[in-house]
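Secondary and tertiary structure notes
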Amino acid sequence: MFYDVAYYISLTVFFAGVLWRIRSWFTRRVGDVAHEQTTFGRVTGVAKSVVFTLFSKQIVYVIREFFVNVMMQYKILRENTARWIMHMLVFAGFLLLFFLHVIDDTYSHPWIDGYFSTLNPWLFLRNIGAFMVLAGLGIAVYRRLTIQGLRKLTYAMDRYAIAILAIIIVSGVLLEASKIVSHRTFEEMAQTYAHPDIRIADWEDDPELEALMAYWQENYGVVFPERIEPDSEKLEWGADVNDAFACSMCHSRPQAAFLSYATSRAVSPVANAMTNAGAETFFWYVHFLASFIGLAYLPFSKFFHIFSTPIRLLAKVKTGSAPGSLPANIATLRAMELDACMHCANCSLRCSVGPIFETIPNQAILPSEKIGDLKHMVLNQSLPTEELLRIAEGAWICTSCHRCTDVCPAGINLQDLWFSIREELARRGYPEPYVQAMKKALAEAGPDADLPLIPHSPHGKEMKEGLLLSEQASTFTNCYNCMTCTNVCPVVACYDKPSRELGFLPNQIMHALGFGFRDQVLSSRMLWDCVTCYACQEACPQNVRVTDVLYELRNVAYQDVRLEMNDMAAKTTGEGPQTKECPMDSRRT
Amino acid sequence: MKYAFFAGCKIPYYVPQYEIATRMVFSALDIGLTDVEFNCCGYPVRNLDFYSYLYSAARNLALAEKSASGLVTPCKCCYGSLRHAAYMLSERTDLKDRINSQLAPLELKYTGTLEIRHILQVLFHDVGLEAIKARVKNPLDAPRVAVHYGCHALRPSRITDFDDPDNPTIFDRLVEATGAVSVKWPMRLDCCGNPLWQKNDRLSRFLAAKKITSALDAGAEYLCVSCTYCQIQFDQVQQAMLEAGDIETPLPSILYPQLLGLSMGFSSKRLGLDTHHLNASSVALPRKKEEDVRSVSESA
């Protein structure tokens, strides 16, 4: 009853989840191209593409891709041998268990003739499968703990995946071990196959039973309430009884189930207590419950990659004039790619700007987290400003070097996704951080900015003392306004009336800094249209580090954006204002 | 000296021919290169956060120090960025200590012994003009080339120490070693405009257009650059400018290692000249008769 109900519920959840995920491949809109496509167009696009692939030369590439990258997982091997061994152990071990054990329907197997779960080689192979999965999981845990960057990027979903799989396997081993030692199971079997009135408590009155029990105690690992003294005569007789009642037809010796047998030996001192406490039933429930939870959770977890990643890998090979390059199919591929990521974090470990995460703790900088942000953004049309600012910062700190795409074992075109993040952000009015900082500085200049004379602003001193990072930024105090910097500036030279277009010109900015005119300086177009060619700095007779100062002023303006972002986030989370670190940076636990 | 090769972020995907040509020429001239997986030089993030820039650059310098005594890059923005970082770290021991303590968990440490070079410096100073000329088997037929120096290598000169900031010559002399003619043009030391790309595209294109027009007016047939960003600006962006009508006459841009490679006898296909947005392959061809006459009459 429990089994059937739990089985059908989890199977229903599983299929509903899978359908829900597949539906999203045709409905999620990622980037500009997707907004021009209908769901119907995307479904027919995929249908066309599949038909085209099946009846063209492309099928050869698909088959090749299937063997090289889905079965042998060459892309993982190319990146890291330890990781490949880890993944192959889990993958092959799991497949072995799935085909030999999960679908065996308890005793008979739909495909394998002569299958019996308690006979060799099945008994042995099941343990081999379990051993492979456990070894793989061990390597996975070890890697996640010891590889510095990877440890930081291990979240609940990664831990759950490892934990559920581990619970399923370990509870299976314990279940098998508790059956090996169980005198109760022995008694039930004897009653079923020998005589319904058999009681193992009566062994002293029944020499035949005693012989069989002695034989099973010595050869099969059963632990009886009272130990039976084995002697060679008893054991010989026991062997005959074992054959006579056909026990041996269905039971190989459990030593072949090396994991479970070793466990059963380890627990043998307490085996009777375990059996009396109902350990078998307990582990049975744990094993099946964990398996059903795993099944139901699969479409909603990173395990879904066992379907989505191979599909993505196989879809990848269609290029060129094939229908795979239809805009509708690009939209579908991108939506699917969001599911194909299994969060291995290889991209983040190799990312060109990954080290910047050490100095700007915004996880949106890292590709493996950025893909989650994109998903988050696509699913939520109304994200709060601070969240979009945070995503925008990550989206533009990327230098588009393409390395993440090159190293992705799932073959996801990550670079393409980052372009679509930028498109999504632009659609919602969030430009790149540089422009964001400029817009904010221009917007906040206030009415005073246009006044020719401004009193010493209160943050004048703070402003001067704050400019510390550039090489001698405070050199602006040396400026005697000779205008050489402005005269050599190629940007100033682009305009007939530069002051009208650019606000304060370089010499005016240097001079204004001496007075601490923060807003006026930050809101000058000149600051934002600087090409950083260093002509001004090179020419300055007073050794003012003009370009470096302008660089640093842009940093100051961008700090304002970050501070605002942090304050908004702090309000949302109900914490006090934080200035140093963005609380959203650690929002994942 | 053995150099760690710092390609920078943009080369592998957007300008792969630059790396290919550089490696071909360097290997023909027996300059040993070591490959290290570097991160971004920090240049793009410098507008947002100086410390992030410094940390990124320093991480690369520390990585390079592990495997070589020098670092060479074909990109002038990477060059300027790394030189500036090395300078800051030598001036500011507090920043150096802070960064080294952050690098310590990665088993990295920046000591400050690394030589940071641009490929042109290695060719000019390590190999030398005479040795290069000796390897030029197939001198070019005097194509008229406008040499674009690139700001971030040239200035600020006390930090970059590339060449005389007011009257640099090494790039011109390297170009002339291939048989090309380096034309005199007024805007050769100006900015290509790329740093403003995606920030103020209009101004970025306007600056490029001014330079292209100036070079064309001086009689140039090609631009020669040795910086990734300058090449993107004068190739990809120039093509967009032509399509938009910002300029009328194209001025194809060539990367210096391609020019040198051609004169050393490598084919223009192997050097990737046909992969540019604006095809520059004709630089390898012998000059037509009437053009010869025209150029002679012009110079006369």
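Structure: see above.
Described in the following lines is the structure provided in the data block. Everything quoted here is computed from the prediction, not taken from an experiment. (Residues numbered from 1 in each chain as written. Chains lettered and ligands numbered in written order. Predicted model: local features only at pLDDT ≥ 70, side-chain atom pairs only at ≥ 80, totals over all residues. Heavy atoms only, no water.)

**Quick notes on the overall build of chain B**
Helix and strand counts for chain B stand at 14 helices and 8 strands. The C-alpha atoms of chain B give 19 Å as radius of gyration, which agrees with the globular expectation for 300 residues (19 Å, within 12%). Expressed along its principal axes, the backbone C-alpha trace of chain B runs to roughly 65 × 45 × 35 Å. Looking at chain B as a whole, 63% of its 300 residues are labelled buried. Nonlocal contacts in chain B, meaning residues at least 24 apart in sequence, comprise 77% of its contacts between residues at least 6 apart. Here chain B displays about 11,600 Å² of accessible surface, and carbon together with sulfur accounts for 49% of that area. One way to put it: in chain B the 33 positive side-chain charges average out to a point 2 Å from where the 33 negative ones average out. (Helix = DSSP H or I, 4+ residues; strand = E, 2+ residues; numbered from the N terminus. Rg over C-alpha atoms; globule rule 2.2 N^0.38 Å. Buried < 20%, exposed > 50% of the residue type's maximum accessible area, 1.4 Å probe, protein only. Contact = heavy atoms within 4.5 Å. Areas by Shrake-Rupley, 256 points an atom, 1.4 Å probe, with all protein chains shown as cover. Lys, Arg positive; Asp, Glu negative; His and termini not counted. Charge placed at Lys NZ, Arg CZ, Asp CG, Glu CD.)

**Structural notes on a nonpolar patch on the surface**
A cluster of nonpolar side chains, contributed by M1, V5, I9, V13, W20 and F300 of chain A, occupies part of the molecular surface with about 630 Å² of accessible area. With respect to the helices and strands, F300 of chain A occurs in the loop between helix 16 (279-297) and helix 17 (305-316). (Patch = residues over 30% accessible without salt bridge, like charges linked within 9 Å, V, L, I, M, F, W, Y side chains within 5 Å. Salt bridge = Lys/Arg side-chain N within 4 Å of Asp/Glu carboxyl O.)

**Here's the deal with the pairing of strand 3 (residues 70-73) of chain B**
All names here are of chain B. Taking every second residue as pointing to the same face, both faces of strand 3 are buried, with G70 and V72 on one and L71 and T73 on the other. Two elements, strand 1 (residues 3-5) and strand 3, share 3 bridges in a ladder whose sense is parallel. Note that in strand 3 the partner of F5 across the bridge is V72. Relative to strand 4 (residues 115-118), strand 3 runs parallel, the two sharing 4 bridges. Bridging across to strand 4, T73 finds its partner in H118. (Pairing = 2+ DSSP bridges.)

**Some points on the nonpolar core**
Ranked by internal contacts, the top residues of the largest apolar core, which has 195 residues, are L425 of chain A together with L123 and Y256 of chain B. Of the residues forming this core, the biggest block, 11 residues, is contributed by helix 3 (residues 50-67) of chain B. Grouped together as the second largest cluster of nonpolar side chains are 21 residues, L97, A130, A140 and L259 of chain A included. (Core = buried A, V, L, I, M, F, W, Y, C linked by side-chain atoms within 4.5 Å.)

**Focus on the interface of chain B and chain A**
Taken together, the 49 residues of chain B in the interface contact 47 residues of chain A. By the criterion of area lost to chain A, the three top residues of chain B are R46, N47 and L48 of chain B, representing 16% of everything that side buries. Here chain B is connected to chain A by 3 salt bridges. E37 of chain B is paired through a salt bridge with R350 of chain A; the nearest N and O atoms lie 2.6 Å apart. Our count for the chain B to chain A interface comes out at 19 residue pairs in polar contact (both at pLDDT 80 or more). Those elements that provide at least two residues to the side of chain B that touches chain A are helix 1 (11-14), helix 3, helix 4 (76-91), helix 5 (93-103), helix 8 (151-154), helix 9 (157-160) and helix 11 (201-217) of chain B. Here the side of chain B that touches chain A gets 6 residues from one element, more than from any other, and that element is helix 3 of chain B. (Buried area = accessible area lost by both parts, 1.4 Å probe. Polar contact = N/O pair within 3.5 Å; in protein donor to acceptor, adjacent residues only side chain to side chain.)

**Notes on unusual backbone geometry**
Look at the link from N120 of chain A to P121 of chain A: it is a cis peptide, with omega at 5°. Within the secondary structure layout, P121 of chain A lies in the loop between helix 6 (81-100) and helix 7 (122-146). Between R155 of chain B and P156 of chain B the backbone carries a cis peptide bond, its omega angle lying at -10°. Here P156 of chain B is to be found in the loop between helix 8 and helix 9. Although it is not a glycine, M483 of chain A sits at a positive phi angle of roughly 75°. By the secondary structure assignment, M483 of chain A is in the loop between helix 25 (460-466) and helix 26 (484-488). Judged by relative accessible area, which is 38%, M483 of chain A ranks as partly exposed. At D161 of chain B, a residue that is not glycine, the phi angle is positive and equals roughly 50°. Residue placement: D161 of chain B occurs in the loop between helix 9 and helix 10 (170-176).

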